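If you want the building blocks of each chain, they are given just below.
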Amino acid sequence: MAPILDPRVVLQTLSSLPLEAYQAGELVLAGGSTTGKLLIMSEGAVEVIRGGVRIAEIADPGAVFGDLAVLLNQPHSADVRALAPSTFYVADGRTILRVDPITTLYVAVVLAQRLETVNSLLVEAKRQLARTDQPRHAVRETLDNIGRTLQYGPPL
């Protein structure tokens, strides 16, 4: 089934946004900070650390960062650190979500994809936990997938 929004349209819209570049090791977003930024990865790789635990490594162009903080009007919940030279399209989150329907729809689709994936992974985790013969590492892997999906999810 085709996505509700053509990824080429999204990328074309995002190309008008300013780019921020980070070198490997630089902090892109600090957990607990309030930047108001919505970042969409153009290229690169980052790690996401929450509560001292590395929960994800993301290298997908189109991955969205800062969306939950903007939408829920709260500080960022995790550190995002560049693992390689990385660039992001950057916008004031509240402004762009109010005035740009394509970006708003893109963020909504990304969030919906995350929720759908998490629902599927949660069902699988519950099935694994119900089986007494299921190795712990399989359950842990499913839970790790849930964590990665909750934060960033697949791009369109």
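Residues numbered from 1 in each chain as written. Predicted model: local features only at pLDDT ≥ 70, side-chain atom pairs only at ≥ 80, totals over all residues. Heavy atoms only, no water.

Trainee: Sorry if this is basic, but what is going on with the packing of aromatic side chains here?
Mentor: Centre-to-centre distance and the angle between the planes together describe a pair of aromatic rings. Taken as a whole and judged by the stated rule, the model has two aromatic pairs. Aromatic pair Tyr-22 and Phe-88: ring centres 5.9 Å apart, planes at 75 degrees, arrangement edge-to-face. In this pair, Tyr-22 is assigned in strand β1 (residues 19-22) and Phe-88 in strand β8 (residues 86-92), connecting sequence segments 66 residues apart. Measuring from ring centre to ring centre gives 5.8 Å for Phe-65 and Phe-88, while their planes differ by 85 degrees; the resulting arrangement is edge-to-face. (Phe/Tyr/Trp six-rings, centres within 6.5 Å; stacked < 30°, edge-to-face > 60°. Helix = DSSP H or I, 4+ residues; strand = E, 2+ residues; numbered from the N terminus.)

Trainee: Got a minute to help me understand the pattern of salt bridges in this structure?
Mentor: For side chains of opposite charge, pairing can occur when their charged atoms come near one another. Tallying each qualifying case throughout the model produces four salt bridges. Across the pair Glu-57 and Arg-54 runs a salt bridge whose closest N-O atoms are separated by 2.4 Å. By relative accessible area, Arg-54 is classed as partly exposed at 44%. Across the pair Arg-114 and Asp-67 runs a salt bridge, and its minimum N-O distance is 2.9 Å. Taken together, the residues Arg-114 in helix α4 (residues 101-130) and Asp-67 in helix α2 (residues 67-72) connect sequence positions 47 residues apart. Just as Arg-114 is buried, Asp-67 falls in that class too. (Salt bridge = Lys/Arg side-chain N within 4 Å of Asp/Glu carboxyl O. Buried < 20%, exposed > 50% of the residue type's maximum accessible area, 1.4 Å probe, protein only.)

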